[in-house]
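Read off the chains here:
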Amino acid sequence: MRATTSAAAPCLPWLRSHGRASSAAAYTAVAACLLALVTFLVVAAFWDPRTQASTWFLSSSSSSSASSLTTAGGVGGEHLLATASSYYSDGGGGGGRNSTGKEVHEEVRGQGGDDDGFLSLVNSSSGGYGAPPPHQISVTRQPPASAPAPAALAPAASPVTGNSDEVIRATPQVQRSSDIKLERLELGLAKARSAIMEAIRNKDKRSPLPDKDYVPMGPIYRNAHAFHRSYLEMEKQLKVYVYEEGEPPVFHDGPCRSIYSTEGRFIHAMETATRLRTSDPSQAHVFFLPFSVVKMVKTIYEPGSHDMAPLKRTVADYLRVISDKYPFWNRSAGADHFMLSCHDWGPYVSSANAELFGNSIRVLCNANTSEGFDLAKDVSLPEINLRSDAVERQVGGPSASRRPFLAFFAGGNHGPVRPALLAHWGPGSGREDDPDVRVSEYLPTRGGRAGASAAAYTDMMRRSRFCLCPGGYEVASPRLAEAVYLECVPVVVDDGEYALPFADVLNWDAFAVRVRVADVPRIKEILSAVSPRQYIRMQRRVRMVRRHFMVHGGPPRRYDAFHMILHSVWLRRLNVRIDAHAQG
């Protein structure tokens, strides 16, 4: 009765002032008051304090916005990517803070056997390919101090089961159209996760899926059937929105030749691609930030100053514009956005924004796990040195019987690895005349003059069975892709900190060799132990895997480097679930 009286109170003054009105008018007034009372009770019954979050969930500033994102579970709570995330705690059980300082809640789930690890990533810290334990991670962005905290946040979405066709979560509130579109996107991703997990479980009963171009198979893949299903799901669903803000050359541009060509080629292909690109951001699964670190270095950086602050300010300002103009960065804390850089300074520039560094997908050539590269969310970008547009002329090589040298390397003496290699096998080491291992800082030409002749360098790679691929100043090296192009079995020389490209689907053990720096003196012994029969198999697999590293002169082709990069982004997007109901 108290609720009824208080609700009717606003009507009482009107009734008192019209005491002598006609009975019909009085009845009309009473009916109006009763209608208002019923409306009040209905609203009160369905009112949810969580809706109050809308005042700050959609704030234009990334620092004052809030969202909820959860890594997506696969069938039965399994994850498509084993996570070794930047969101990990200090080893305690409950929670902690990630690199952005946000509260983190982790639930360690049971880990399946290695047979289910088609999408498990390289465990670079141990030098092997085991999958670290998967986590379920919930990151909740906090409102600013000046904004009223919501009474309650919506609960985290439960893992999607294999047979579930339901939307991840439903509430009685009427949703905005943008939220409904986001839920549709998340539902489609949930179905894709289930389809891929089904392919993983049924890998022993595999049946080739129809594909007019290529059906992956063989030991070069962790699970060829599951990769194929994932790739087809990507082609069917994935839509990328490319932000149009910014002007060339820093934005929407990049070098299409030299060791940084991967950066420019991808930006160009992404700008011109129509099949995977959408002009409607509400339909996008991921958002591409089309800035070029290489171009920043050429146009903004002052040579010799050692001051990279202008580069960071440029990225920070750009993201401020994006987060102010669009709601998409704020709703996911940047988790469905990706940047791409082949310059050594890419990781440093990405630290201009804490969410870019800690949440977003960073596609980097400098994929160094000891410097913050996160296997669970970041993508290793192959460094490809294109000297001309005629890429097809830079591929191919003779059989093993026509390769007289066991191993070859030529390159500058810099970085943490190459000095050891040159000290043990280069000029002055006493082994420079070894007929099997050819290592030099500069490649001598026929005239006896020092100088790296591209033709002579390529010829030596084609005449060698193994091509040594140590990193330089950073972990990546264009020699890795060059070896694959020229059908020379690559030898990665590092201590496991380099996250190899596409290792979420490629089984590098099948077509490459990995040697620790401490084992550099034993390189000849290690490589000589590979039997001729085993080498022939490895070389054949290098030839098979080459299609995934190809950068074509014309439009991208299926399964090439452009699409493999996007597939790696796709896998990481599958592992993130954006909470549509956190938008208000």
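Positions within a chain are numbered from 1, following the residues in the order the chain's sequence is written. With the structure being a predicted model, the display of local features is reserved for residues of pLDDT at least 70 and the display and counting of side-chain atom pairs for 80 or more, all residues being used for whole-chain, interface and lining totals. Computation of side-chain values: all heavy atoms of the structure, hydrogens and water removed.

**Topic: the confidence of the model for the protein chain**
For the record, the criterion: The predictor rates its confidence in each residue with pLDDT, a number between 0 and 100. Only heavy atoms enter the contact rule, under which two residues are in contact if any of them lie within 4.5 Å.
With 66% of its residues at a pLDDT of 70 or more, the protein chain has an overall mean of 75. Low pLDDT, under 50, characterises residues 1-23; the stretch is placed with 8 contacts to residues that sit more than four places away or in other chains. Across residues 42-78, confidence stays below pLDDT 50; counting only partners more than four residues off in sequence or on other chains, it has 115 contacts.

**Some words on the sheet that holds strand 5 (residues 240-242)**
Put simply, the rule reads: Only strands that DSSP links by at least two bridges are regarded as paired with each other. Per the convention used, a helix needs a DSSP run of H or I reaching at least four residues, while a strand needs a run of E reaching at least two, with both numbered from the N terminus. To get an axis, a line is fitted to the C-alpha atoms, and for a helix only the part in contact is used. The angle between two axes follows their N-to-C directions and goes from 0 to 180 degrees.
Taken together, 5 strands build an open sheet; the order of strands is 5-6-7-8-9 and the sheet is parallel. Either end of the sheet is taken by a strand with one partner, and the two such strands are strand 5 and strand 9 (379-380). Across 4 bridges, the pairing between strand 7 (residues 337-341) and strand 8 (residues 361-364) is parallel. For Ser341, the partnering residue across the bridge sits in strand 8 and is Leu364. Here helix 7 (residues 261-272) sits on the sheet in contact with strand 5, strand 6 (286-288) and strand 7, set at roughly 140° to strand 7.

**Things to note about unusual backbone geometry**
Residue Pro249 follows Pro248 across a cis peptide bond; omega there is 5°. Along the polypeptide, Pro249 turns up in the loop between strand 5 and helix 7. A positive phi is found at His252, a non-glycine position, where the angle reads about 60°. Among the secondary structure elements, His252 is positioned in the loop between strand 5 and helix 7.

**A closer look at the packing of aromatic side chains**
What counts here: Pairs were defined over the aromatic rings of Phe, Tyr and Trp, the Trp ring being its six-membered one, requiring ring centres within 6.5 Å. Orientation was assigned from the angle between planes: stacked under 30 degrees, edge-to-face over 60, tilted for the rest. Three exposure classes are used, based on accessible area relative to the maximum for each residue type with a 1.4 Å probe and protein chains only: buried under 20%, partly exposed in between, and exposed over 50%. Two limits define a charge over a ring: the Lys NZ or Arg CZ must be within 6 Å of the ring centre, and within 35 degrees of the ring normal.
As enumerated under the stated definition, the model contains 24 aromatic pairs in all. Plain terms: the ring middles of Phe266 and Phe288 are 5.5 Å apart, the flat faces sit at 85° to each other, and that makes the pair edge-to-face. Of this pair, Phe266 sits in helix 7 while Phe288 sits in strand 6; the two residues are 22 residues apart in sequence, bridging distant segments of the chain. Overall, the relative accessible area of 2% leaves Phe266 in the buried class. Since its relative accessible area comes to 1%, Phe288 is described here as buried. Residues Phe291 and Tyr318 carry aromatic rings whose centres are separated by 6.1 Å and whose planes lie at 80° to one another, so their mutual orientation is edge-to-face. Of the two residues, Phe291 sits in the loop between strand 6 and helix 8 (293-299) while Tyr318 sits in helix 9 (residues 309-325), which places them 27 residues apart along the sequence. Judged by relative accessible area, which is 1%, Phe291 ranks as buried. Take Tyr318: its relative accessible area is 5%, and that puts it in the buried class. One aromatic cluster in this structure is built from Tyr214, Tyr221, Phe227, Tyr231 and Tyr559. Across from the ring centre of Tyr214, 4.0 Å away, lies the NZ or CZ of Arg547, which sits over that ring.

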